[in-house]
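One-letter residues, chain by chain:
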Amino acid sequence: MKNTPKNIAIEKLFPFEGHPFKVQDNEEMNALIESIHEQGILSPLIVRPKENTTDEYEIVSGHRRFRAAVKAGIKEIPALIVPLDRDAAAIAVVDSNLHRELILPSEKAFAYKLKAEALRHQGKRSDLTSEQVAPKLATEIIAESDNTSKDTVKRYIRLTNLIPPILDMVDEKRIAFTPAVELSYLLPEEQTMLLSEMEYGDCTPNLSQAQRLKALSIQGLFTKEQLSAIMSEEKANQKERVKIPAERIRKYFPKDYTITQMEETIVKLCEAYHRKRLRDRDSR
């Protein structure tokens, strides 16, 4: 029997749990909303029955159309209902989006991770149990389907270990991919220290610095002092800066002040000092 679309109430539809791709409210979304107003939803969503429910569904393909329909005030959405389990649906979610032209590093990282976990759960090879399916096999399958290398897949998955603010910097191209992979080996608290240092110094680590920070972390030698020493190194094309270790001035600020707040206060004090010097000069 041929599967035909069914109109489903919008409140009965839910995004796929762990969906790794960002649905952004941008110009493309506005154009999609306008298209839905004029022509309706031309391509039905693909959904699967939600576990432990009788009439609720999880979206496998069509998250952008769903978001646009919600914003357009549509009450029902046409959808094809397919009987997929969680792992098969996760693989379909990834495969239906990886062909997109523009994919952020964070999106690809979490997509590869989601698919790898699903493949391991499935036990894709009949001669292996799910417990025997090694990560290596999962990455090989992903690499083949995405026309890349298994090492590249592994490196992208490493990015999921970055704390969100640093991963955002990778998406924004403020931190290059290769140094970011090295930084993913730092403990979360070490990454938080690094983030503070980057904000204070308005700088990001290059590959050499990232590799040395990784080595310190693995050896259990990562400290604020070591971090500051490495990050304070002058790099090519780096602007001249005045750098003051936070420890030297922390006592002059409230305990809850961030590095950014301290910097802003110092700049305001310098501006006030400059105005005073001008007044003193003019009064002579």
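Use the structure listed above.
Quick caveat: nothing in here was measured; it's all calculated off a predicted structure.

Trainee: I keep staring at the packing of aromatic side chains and nothing clicks. Help me out?
Mentor: Between two aromatic rings, the relevant description is the distance of the centres plus the angle of the planes. The final tally for this structure, using the stated rule, is three aromatic pairs. Members of the aromatic cluster, connected to one another through ring pairs, are Tyr112, Tyr156 and Phe177. The cationic tip of arginine 158 hangs over the ring face of tyrosine 185; the distance from NZ or CZ to the ring centre is 3.9 Å. For the cation-ring pair, lysine 214 lies above tyrosine 185, with the distance from its terminal atom to the ring centre recorded as 3.9 Å.

Trainee: How should I be thinking about the packing of helix α4 (residues 105-122) against helix α7 (residues 164-171) in this particular structure?
Mentor: Geometrically, a packed helix pair is captured by the angle between its two axes and the distance between the axes. Close contact between α4 and α7 brings their axes to 8 Å; oriented N to C, the two are set at 120°. Judged by residue contacts, Pro105, Ser106 and Phe110 of α4 engage Leu167, Val170 and Asp171 from α7. Its residues placed into classes, the contact of α4 with α7 shows four nonpolar, one polar and one charged.

Trainee: I would appreciate a short explanation of the side chain of glutamate 190 in the present structure.
Mentor: Looking at where glutamate 190 falls in the secondary structure, it is placed in helix α9 (residues 188-201). Buried within the structure, glutamate 190 lacks any salt-bridge partner; its nearest side chain of opposite charge belongs to arginine 158, at an N-O separation of 9.9 Å. Reaching out from glutamate 190, the side chain makes a polar contact with the side chain of serine 217 at a distance of 2.6 Å. Not counting the four nearest positions on each side in its chain, glutamate 190 is found in contact with Ser217 and Phe222.

Trainee: Which parts of the structure should I look at to understand helix α1 (residues 27-39)?
Mentor: In an α-helix there are 3.6 residues to a turn, and that puts residues three or four apart on one side. Counted at 1.5 Å a residue, the expected span for α1 with its 13 residues is 18 Å, and the 18 Å between its end C-alpha atoms agrees. For α1, the secondary structure elements touched by its buried residues are α2 (63-72). Positive backbone phi, approximately 80°, marks glycine 40, located one or two places after α1.

The rules behind each value
Residues numbered from 1 in each chain as written. Predicted model: local features only at pLDDT ≥ 70, side-chain atom pairs only at ≥ 80, totals over all residues. Heavy atoms only, no water. Phe/Tyr/Trp six-rings, centres within 6.5 Å; stacked < 30°, edge-to-face > 60°. Lys NZ or Arg CZ within 6 Å of the ring centre and 35° of its normal. Axes fitted to C-alpha atoms, helices over the stretch in contact; angles between N-to-C directions. Helix = DSSP H or I, 4+ residues; strand = E, 2+ residues; numbered from the N terminus. Contact = heavy atoms within 4.5 Å. Nonpolar A, V, L, I, M, F, W, Y, C, P; charged D, E, K, R; others polar. Buried < 20%, exposed > 50% of the residue type's maximum accessible area, 1.4 Å probe, protein only. Lys, Arg positive; Asp, Glu negative; His and termini not counted. Salt bridge = Lys/Arg side-chain N within 4 Å of Asp/Glu carboxyl O. Polar contact = N/O pair within 3.5 Å; in protein donor to acceptor, adjacent residues only side chain to side chain. Expected span 1.5 Å × (residues − 1).

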